[in-house]
Amino acid sequence: MFRTAIAGSLPKPSWLAETEKLWPEWKASGPELDRAKADATLLWLKVQEDAGLSVVGDGEQSRQHFVHGFLARVEGIDFEHKVKMGIRNNRYDAMVPQVTGPLRLAGRVHAMEARLARAHTDRQLKFTLPGPMTIVDTVADRFYGEGKEGRIKLAFAFAELLNQEALALEADGVDIVQFDEPAFNVYMAEAAEWGVAALERAARGLKCKTAVHICYGYGIKANVDWKATLGEQWRQYEQVFPALSKSAIDQVSLECFHSQVPPELMRLLEGKDVMVGVIDVASDVIETPEEIAETIGRALQFVPRERLIACTNCGLAPMRREVAEAKLAALAKGAALADARFA
Ligand code: ZN
């Protein structure tokens, strides 16, 4: 059976937070918000199980944003005075917190939702964290220094903190720790030069499976417009995959369906599990099982069957809830059709 998983995030229900936003405001505060986050986590676990996914996650229901959710528990970061900054090489502006001092973890970041999810599912549990290079690209640094040297110092400082949390997540019973590194597709040379090393620092000592998700971003307008400028062949992965294939990371998540990524680039990931994106997160149209099975069939030319995991291209956070639910069901149905076809 082909394994199935999602990249990570899922839409927040309207009673938890604003919908269809990348940085939604919470609808409650204090213990009421904690309860709502927990309820949403359980709800999505059930939806993923009912859809038939073999790997499930918390849907990132307890964090406002995939990067800033982690940073909220890091000392040395000023969240009170956010500044506007162009991120992903100025693709879009974001209000980002500032690094103002030495970084230190204030305590556990994701203990509640990881333990809750573990207690309520027997399926493989994947938990996502932002990768060091992507964090560096989503904060304004006022402390670690200018230029590439500063970025590297800052990335490794974050990598140590990520590693602490990742080891704790493993102790909570998580089966796969995944780091999200969309920045790898933007700063390819630096990703190969030091990004992968920072990632390995974040994953050091983990005995559970480790993964990295590299994508072309959520299905928001700025990303859709950017992709339109990337030409007929998107070859960004070609610069990063060789370094990843030599790394200790076990699984790589990539975009496939509706992308211009040449599928033969998957060949560069020999020895890795490959999470192939068979679900488009930039379109509300629900993929048919036939389309999904075809995408899997194309990937099978370059990835051995036992190493292929059918996945979404990216997170589903900014989508409408009913669209996300339908896409999860489609994912499992398409993988089942591929099972029948390629058995
Ligand atoms: Zn993504």
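So, here is what we can say about the structure in this document. Within every chain, residues take consecutive numbers counted from 1 along the sequence as written. Two thresholds apply to this predicted model, a pLDDT of at least 70 for residue-level local features and 80 or more for giving and counting side-chain atom pairs, whereas whole-chain, interface and lining totals are computed over all residues.

### Regarding the environment of Gly107
Then, in step 1: Note on placement: Gly107 falls in the loop between strand 4 (92-105) and helix 3 (111-120).
Then, in step 2: Looking at Gly107, the number of C-beta atoms within 10 Å reads 10, which means it is exposed.
Then, in step 3: When the C-alpha positions of Gly107 and Glu75 are compared, they lie 9.6 Å apart, and in sequence the two are 32 residues distant. Think of it this way: any DSSP run of H or I at least four residues long counts as a helix, any run of E at least two long counts as a strand, and we number them from the N terminus. Here exposure depends only on C-beta density: within 10 Å of a residue's C-beta, 20 or more other C-beta atoms make it buried, 12 or fewer make it exposed, and intermediate numbers make it partly exposed, the C-beta atoms being placed from the backbone.

### Regarding helix 3
Then, in step 1: Turning to helix 3, its buried residues number three or more, namely Glu113, Ala114 and Ala117. Buried positions in helix 3, seen along its axis, are confined to an arc of 100° and lie on one side of it. What the arc covers is the set of directions going from the helix axis to the C-beta atoms.

### Concerning the nonpolar core
Then, in step 1: The biggest cluster of nonpolar side chains holds 106 residues, and the ones touching the most others in it are Val274, Val276, Val278, Ile296 and Ala310.
Then, in step 2: Among the elements that make up this core, the one with the highest residue count is helix 5 (residues 147-171) (10 residues).
Then, in step 3: Apart from the residues within four sequence positions on either side, Val274 is in contact with Val252, Leu254, Met266, Leu269, Val303, Arg307, Leu308 and Ile309. A set of buried residues qualifies as a nonpolar core if it consists of Ala, Val, Leu, Ile, Met, Phe, Trp, Tyr and Cys joined through C-beta atoms within 7 Å. Contacts are defined on C-beta atoms placed from the backbone: any two residues whose C-beta positions lie within 7 Å are in contact.

### Digging into the sheet that holds strand 5 (residues 124-130)
Backbone-to-backbone hydrogen bonds pair the strands of a sheet. The strands run either parallel or antiparallel.
Then, in step 1: The rule for pairing is simple: two strands pair if DSSP sees at least two bridges between them. The strand order across the open sheet built from eight strands is 1-11-10-9-8-7-5-2, with neighbouring strands paired in parallel fashion. Strands with a single pairing partner mark the edges of an open sheet, and in this sheet they are strand 1 (3-4) and strand 2 (55-56).
Then, in step 2: The sheet contact formed by strand 1 and strand 11 (residues 308-312) spans two bridges and is parallel. Across the sheet, Arg3 pairs through a bridge with Ile309, a residue of strand 11.

### Here we look at the pairing of strand 8 (residues 209-213)
Consecutive side chains of a regular strand alternate in pointing toward one face of the sheet and then the other.
Then, in step 1: Most of strand 8 is tucked away: four of the five residues are buried.
Then, in step 2: When strand 7 (residues 176-180) meets strand 8, the two strands line up parallel, connected through five bridges. The partner of Ile176 across the bridge, within strand 8, is Lys209.
Then, in step 3: Once you follow strand 7 into helix 6 (residues 188-202) and on to strand 8, the crossover reads as right-handed.
Then, in step 4: The sheet contact formed by strand 8 and strand 9 (residues 251-254) spans three bridges and is parallel. Residue pairing across strands places Ala211 opposite Gln251, the latter belonging to strand 9. The handedness of a crossover follows from its direction of travel: if, with the strands pointing away from the viewer, the path from the first strand over the helix to the second runs clockwise, the crossover is right-handed.

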